[in-house]
There are 2 protein chains.
Amino acid sequence: MASTVSISVDAMGGDHGPSVTTSGASMALRRHPDSRFLFFGDVDAIGPEIDRFPALKAVSEVVHCEIAVNMSDKPSQALRRGRWKSGMWRTIEAVKKGDADVAVSAGNTGALMAMSRVCLRTLSGIDRPAIAALWPTLAGESVVLDVGATIGADAQQLVDYAVMGGAMARALFEKTRPSVGLLNIGVEEVKGLEEVRNAGRMLREADLPHLNYVGFIEGNDLGKGMVDVAVTEGFAGNIALKTAEGTARQVASYLREEMGRTARARLGYFFAKPAMRALRRRLDPSRVNGGVLLGLNGIVIKSHGGADARGFASALGRGHSMVRNELQAKIHQDHAHLQPLPETGDGEFLARAAGAL
Amino acid sequence: MASTVSISVDAMGGDHGPSVTTSGASMALRRHPDSRFLFFGDVDAIGPEIDRFPALKAVSEVVHCEIAVNMSDKPSQALRRGRWKSGMWRTIEAVKKGDADVAVSAGNTGALMAMSRVCLRTLSGIDRPAIAALWPTLAGESVVLDVGATIGADAQQLVDYAVMGGAMARALFEKTRPSVGLLNIGVEEVKGLEEVRNAGRMLREADLPHLNYVGFIEGNDLGKGMVDVAVTEGFAGNIALKTAEGTARQVASYLREEMGRTARARLGYFFAKPAMRALRRRLDPSRVNGGVLLGLNGIVIKSHGGADARGFASALGRGHSMVRNELQAKIHQDHAHLQPLPETGDGEFLARAAGAL
């Protein structure tokens, strides 16, 4: 294993640009002193920011790029304007060239996905990439994917998501055989989409060594942390993710309102202040910041556009862990087990599955 | 308008059967003294329960049914065993015959949907029914549909859902032109499913007099109450609903944990107790209990199977309001405006839409 982890950073990405990406990197460096950084973007904007952190500056290189992808660019626009030369492209390309082990960007998700796909290409045997989110649960954290890379998925693609999510859970949670569930509407075998039912059969029959398929789960099982990996197609996954974020904020609002309504409640709030702070920390999206683009020839991390330095540091730290825990090798390893599909079972879906491999 | 509202009740439905359905009815009667009730089920089980509430007994009739639909019956089983003679069937049939204005059941959702469809049939011009949920929001309440009657929906079906949900919002929230949004993943026109984009175009061009189409919304807009009516197909809608329920419980758990962790926090909890009770009430699903089956020749309310008396009373009260506010007439009225589709716009989707009418 390399003695350092090299992280390429889209320095101009996100709502705050270099002020956040550099201070985030400085925080990440304190946590992971074996990191080094490659910043891509406007050298005049990045230079003064990085000067604030001498320790960071000592392990960083800044590569000047004229073009920045805007948060509002459509993926096709971003590719047309920014291919080869934008900071976002070069950040991804650094992974392809082997200059970096992982790429991190807080820029426009659609552009990042499109550029990563064009630049890195999908892993052999994987049809298309997915975005995986880390979901805070009562049991800790789960991997949930796809949260919006694409809409819809057939059975084989859902199986691929399960394999990639399982590898990510092994890399991050240090579990040898993470549990995997398929998100569905009802736990009975008869319910749900045909694709989801077929994916369930394929996962059960494949009985993968590194993945414990437990069956269907429902939306309310996500927060419980019933599985290490929850698999769904991108439309429902994105809606679930954003609904959960919205509901957490809604409950927090209710709580604030009720705690301010009477003198007695305000007194309670005074004593409960440290507890409220702890609660706020647990609900803070920056703690689990960092969606991961899975299924490409390289690891790309998407940070929230609005993330602060702590949030961006968390995304960088996530990338560091996945390199150290060999995410890509784990995906390859698990996917290899899928190739010789079991002979038993429904001929039609096996044929379809085989065709997709 | 009739001087009383007649409610047929599936007395044996739900986890608790007649003990909850009768005491719930007694509570609903106190709130809506112009109600009368028709209970269908085992007369030996219902009789003693109803005897506890003389005022309820005075306005109720009990109709004996040998057969009860089980919570675990599949829809096809329930129909085979329970058509014509089960308590659930007769509860729905009372609406068809005009003996009741609205039917309420806490029984098995799949069976209730299947029986309602077979018994009542869909409204003329409506392709298929939807289940609408009342979603508590920071702004009050919203109607969200479909939350799981069927999987997938084409553009015309989404438009129908918008019309039915709009009518329900008019009946319940007393707004003259409720706002309607289509649930999507991203607010830009370019994003999302083709069906959702086409439905958006159709709603914008139809410019209905009783419905203010505002565009796409995302999962996190639900809890804000950004629209009165949120429209989506049943798979994503069901996952969103259950994810929100799960997240609310998760945050409440975090709060309990933090409030018990230190002596200071426990003291805070002591003073904040009434505020916590108020919060619990706001998060209590029984407050907004009652999914509504829309798009049938009659109103059918689905109560949560695990609802207590207060929850069941809330579902009954919901039914009462919808009868009093003439939900069905409003759906007819709004849907009639859809028939002459505007001449402008994309020929292909108009042809498709016209074909569905």
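Numbering of residues begins from 1 in every chain and follows the order in which that chain's sequence is written. The naming scheme follows written order: chains are lettered A onward, ligands numbered 1 onward. Only residues with pLDDT of at least 70 are given local features in this predicted model, and only at 80 or more are side-chain atom pairs given and counted; all residues enter the totals for whole chains, interfaces and linings. The basis for every side-chain value is the complete set of heavy atoms in the structure, and neither hydrogens nor water enter the calculation.

J.: Just give me the short version of the relation of the copies chain A and chain B, but keep the residues and values in it.
T.: Copies are brought into register by a least-squares superposition over C-alpha atoms of residues with pLDDT of at least 70 in both. When chain A is fitted onto chain B, the two copies agree to an RMSD of 0.1 Å after a turn of 180 degrees and an axial shift of 0.0 Å. Look at the turn and shift together and you get a two-fold axis relating the two. When C-alpha distances to the rotation axis are compared across chain A, the minimum falls at G268 of chain A, with a value of 2.0 Å. The residues that chain A uses at the interface reappear at the interface of chain B in 98% of cases, marking a shared surface. Throughout, a residue-residue contact means that at least one pair of heavy atoms, one from each residue, lies within 4.5 Å.

J.: Explain the packing of aromatic side chains to me, and be specific about the residues and the numbers.
T.: How two aromatic rings sit relative to each other is given by the distance of their centres and the angle of their planes. Paired rings are identified among Phe, Tyr and Trp, the last through its six-membered ring, by centres lying within 6.5 Å, and are further divided according to the angle between planes into stacked (under 30 degrees), edge-to-face (over 60) and tilted (the rest). Tallying each qualifying case throughout the model produces seven aromatic pairs over all chains. Centroid distance F37 of chain A to F39 of chain A: 6.1 Å. Interplanar angle 25 degrees. Geometry classified as stacked. Taken individually, F37 of chain A and F39 of chain A each receive the classification buried, so the pair is uniform in this respect. Residues W84 of chain B and W89 of chain B carry aromatic rings whose centres are separated by 5.2 Å and whose planes lie at 65 degrees to one another, so their mutual orientation is edge-to-face. Buried residues are those whose accessible area, probed at 1.4 Å on protein chains only, stays under 20% of the maximum for their type, while exposed residues exceed 50% and partly exposed ones sit between those limits.

J.: Summarise unusual backbone geometry; cite the residues concerned and give the values.
T.: Residues and elements named next belong to chain A. At the junction of L145 and D146, the peptide bond is cis and its omega measures out at -5 degrees in the coordinates. Helix numbering and strand numbering both begin at the N terminus, where a helix is a DSSP run of H or I of at least 4 residues and a strand a DSSP run of E of at least 2. Tracing the backbone shows D146 in the loop between β6 (140-145) and α7 (155-173). Positive phi, normally seen in glycine, also occurs at D207, with a value near 40 degrees. Locating D207 in the fold gives a position in the loop between α8 (194-206) and β8 (212-217).

J.: Residue-level account of the packing of α7 of chain A against α8 of chain A, with values.
T.: All names here are of chain A. A fitted line through C-alpha atoms serves as each axis, taken over the contacting stretch for helices, and the angle formed by two N-to-C directions is quoted from 0 to 180°. Two elements in contact, α7 and α8, have axes whose closest approach is 8 Å; the angle formed by their N-to-C orientations is 55 degrees. Between α7 and α8, the crossing angle belongs to the class labelled oblique. As α7 runs across α8, the sense of the crossing is right-handed. Of α8, the residues touching α7 (which contributes A155, Q156, L158, V159 and A162) are E195, V196, N198, A199, M202 and L203. All residues other than Ala, Val, Leu, Ile, Met, Phe, Trp, Tyr, Cys, Pro, Asp, Glu, Lys and Arg, Gly among them, are scored as polar; the first ten of these are nonpolar and the last four charged. Looking at the contact of α7 with α8, its residues break down into eight nonpolar, two polar and one charged. Working rule for angles: under 35 degrees goes down as roughly parallel, over 145 as roughly antiparallel, 65 to 115 as roughly perpendicular, anything else as oblique. Should the near helix be turned anticlockwise from the far one by less than a right angle, the crossing is termed left-handed; should it be turned clockwise, right-handed.

J.: Run through the nonpolar core, naming residues and quoting values.
T.: In terms of nonpolar packing, the biggest core is built from 106 residues, with F37 and M168 of chain B touching the most fellow members. Sort the elements by how many residues they give to this core and helix α7 (residues 155-173) of chain B lands first, with 13 residues. Setting aside residues up to four positions removed in sequence, M168 of chain B forms contacts with A132, L134, V143, V292, L294, M322 and L327 of chain B. As used here, the term nonpolar core means buried Ala, Val, Leu, Ile, Met, Phe, Trp, Tyr and Cys residues forming a set that is joined through side-chain atoms within 4.5 Å. In terms of nonpolar packing, the next biggest core, distinct from the first, is built from 104 residues, V102, L123, V143 and A236 of chain A among them.

In short, geometric facts, not functional conclusions.
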